[in-house]
Amino acid sequence: MPDDEGRRHEYSVTAPAEPASLERVHALLQEVWSDHGDITDTDRMLFEVAVTEVGGNIAEHAHDGAPLDFTLYVRVHLDRIEGEFLDNGRRAEVDLATAAMPRAMSESGRGLALTLAAVDELVYRRDGGTNHWRIVRLRRAG
């Protein structure tokens, strides 16, 4: 729903869970940033890092060989930016409480640790056959 200035507060995209679809995620975020010029560069960058990392993990790990789609919702509030991914892939076997950066020479395993460092809240839950990833970045004053 638009506010008094005509800006939307909720955006979404549905795409195949594959690495090429991250371009559609970036395009959606560019639309958000264009509509909400009052979001600081730091908030934009860190939120985008988190969303890209979670989306990349879905594209890489959620499928069982069958085609899979995800939906990303982005909501802009006065005090925060929220992202929510939904997919019906396999359950994510993660423990967000213990996610940490791997050794310096490791080639993978940084995504969730980077996400946790970039945002104020990262929550994963499984509801029936659907994975829900909630990403929240509190907006800082610019």
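Residues numbered from 1 in each chain as written. Predicted model: local features only at pLDDT ≥ 70, side-chain atom pairs only at ≥ 80, totals over all residues. Heavy atoms only, no water.

Chemist: Give me a nonpolar patch on the surface: which residues, what numbers.
Modeler: On the surface, Met45, Val49 and Leu114 cluster together into a nonpolar patch covering about 230 Å² of accessible area. Take Leu114: it is sitting in helix H3 (residues 111-118). We classify Leu114 as partly exposed; its relative accessible area is 33%. (Patch = residues over 30% accessible without salt bridge, like charges linked within 9 Å, V, L, I, M, F, W, Y side chains within 5 Å. Areas by Shrake-Rupley, 256 points an atom, 1.4 Å probe, with all protein chains shown as cover. Salt bridge = Lys/Arg side-chain N within 4 Å of Asp/Glu carboxyl O. Helix = DSSP H or I, 4+ residues; strand = E, 2+ residues; numbered from the N terminus. Buried < 20%, exposed > 50% of the residue type's maximum accessible area, 1.4 Å probe, protein only.)

Chemist: Which residues make up the packing of aromatic side chains, and what are the values?
Modeler: In the structure shown here, the tally under the stated rule is three aromatic pairs. Geometrically, the ring pair formed by Phe70 and Phe85 is edge-to-face, given 5.4 Å between the ring centres and 70° between the ring planes. With Phe70 in strand E2 (residues 69-76) and Phe85 in strand E3 (residues 80-87), the pair connects residues that are 15 residues apart, well separated along the chain. Classification of Phe70 as buried rests on a relative accessible area of 1%. Here Tyr124 and Trp133 contribute two aromatic rings whose centre-to-centre distance is 4.6 Å and whose plane-to-plane angle is 45°, an arrangement assigned as tilted. (Phe/Tyr/Trp six-rings, centres within 6.5 Å; stacked < 30°, edge-to-face > 60°.)

Chemist: Run through the pairing of E2, naming residues and quoting values.
Modeler: For E2, the buried fraction is high: six of the eight residues fall into the buried class. With seven bridges connecting them, strand E1 (residues 10-16) and E2 associate as antiparallel partners. Following the sheet pairing, Ser12 is matched in E2 by Tyr73. Sheet topology note: the E2/E3 ladder contains seven bridges and is antiparallel. Bridge assignment links Val74 to a residue of E3, and that residue is Gly83. Adjacent in sequence and paired antiparallel, E2 and E3 are bridged by three residues. (Pairing = 2+ DSSP bridges.)

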